[in-house]
Amino acid sequence: MRRIMQALCGVFQAALLLTLLIPCLAGQVPAAPAAKAEPQLWAKLQGNFDSAKVKVGDFISARVTYDLNSPNCTVAADSLIVGKVMDIAQPSANSNRNEVSILFAVACMGGRRIPLNLVAVLYAIDNGQSLMDLYNSMPSGQQLGAGGAHRMIDPSVLPSSGTAPEVLEQVKIGQVTGVHHLLLGVAGGARKNSELSTTDKKLHLAKGTRLVFQLGTTKG
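What you are looking at is a predicted structure, and each value in this text was computed from that prediction instead of being measured. (Residues numbered from 1 in each chain as written. Predicted model: local features only at pLDDT ≥ 70, side-chain atom pairs only at ≥ 80, totals over all residues. Heavy atoms only, no water.)

Trainee: Can you walk me through the state of the cysteines in this structure?
Mentor: The bond known as a disulfide is covalent and runs between the sulfur atoms of two cysteines. Summed over the entire model, instances satisfying the criterion amount to 1 disulfide. Each sulfur in the disulfide pair C73 and C108 lies 1.9 Å from the other. Residues C73 and C108 share a disulfide whose torsion about the S-S bond is about -115 degrees; that sign makes it left-handed. Placement of C73 in the loop between β4 (68-69) and β5 (74-75) and of C108 in the loop between β7 (98-107) and β8 (113-122) is noted, with a sequence separation of 35 residues between them. The exposure class assigned to C73 is buried, which follows from its relative accessible area of 2%. (Disulfide = S-S within 2.5 Å. Helix = DSSP H or I, 4+ residues; strand = E, 2+ residues; numbered from the N terminus. Buried < 20%, exposed > 50% of the residue type's maximum accessible area, 1.4 Å probe, protein only.)

Here's what the structure looks like:
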């Protein structure tokens with residue numbers, strides 16, 4: 001009986017070894033597991049933001065839309081994200097851009113604060129917005145018909161006012177949707193400022209603009 005068990009073990013080990021060797025013999029390497037996507041925190045801007053009306057040191061706020069559960073930080077819906085204006089650059093002879101640098105942070109459950117990296121900005125959705133407000137926030141290419149003539153608004157193609165926004169599975173890093181001439185410079189690491197810029201006369205974000213963040217590293 002012992003010899004039979006030893007023989008079976010030998011057969012099992014040989015089969016396992018063959019399973020591992022076949023891909024290599026065929027010139028194939030087993031695929032590495034896909035990197036897990038970083039969790040994303042969704043929020044809505046709490047008021048209008050106008051670069052002409054803020055100064056360095058001012059604060060802006062956004063309200064968290066959905067719970068986020070991460071090993072490093074748990075953030076409940078309706079929590080407040082605070083952004084501090086760190087720098088403002090007006091157009092000059094060397095640049096026609098308005099640029100605003102903002103450092104964002106949020107409090108995890110338990111009170112610990114953690115910095116946030118802004119990774120996407122999406123058009124505003126707010127309970128008080130009219131269809132015309134939503135229409136005006138859409139890219140110009142979606143507002144105009146053939147030859148640049150304005151066409152009638154089709155409410156079916158617009159987000160519904162007064163309803164929760166549809167959550168994308170994962171936005172692209174640096175994505176800007178439905179905000180005119182806005183560029184987002186994504187922070188290159190933790191505890192870095194988020195850079196927003198525009199070639200317009202001022203940088204404006206409407207109340208209800210959706211901001212998507214990724215977690216930085218904990219402070220202290």
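Trainee: Explain the pattern of salt bridges here, please?
Mentor: Any two side chains of opposite charge can pair, given that their charged atoms come close. A full pass over the atoms with the stated rule returns 3 salt bridges. A salt bridge links D50 to K202, with the nearest nitrogen and oxygen atoms 3.1 Å apart. A residue pair is termed long-range when its members are at least 10 positions apart, and D50 in strand β2 (residues 49-50) and K202 in the loop between β11 (194-198) and β12 (204-205) qualify at 152 residues. By relative accessible area, D50 is classed as buried at 9%. Between R63 and D78 there is a salt bridge; the shortest N-O distance is 3.8 Å. Here D78 lies in the loop between β5 and β6 (80-89) and R63 lies in strand β3 (residues 59-64), a separation of 15 residues in the sequence. With relative accessibility at 29%, the residue R63 sits in the partly exposed group. (Salt bridge = Lys/Arg side-chain N within 4 Å of Asp/Glu carboxyl O.)

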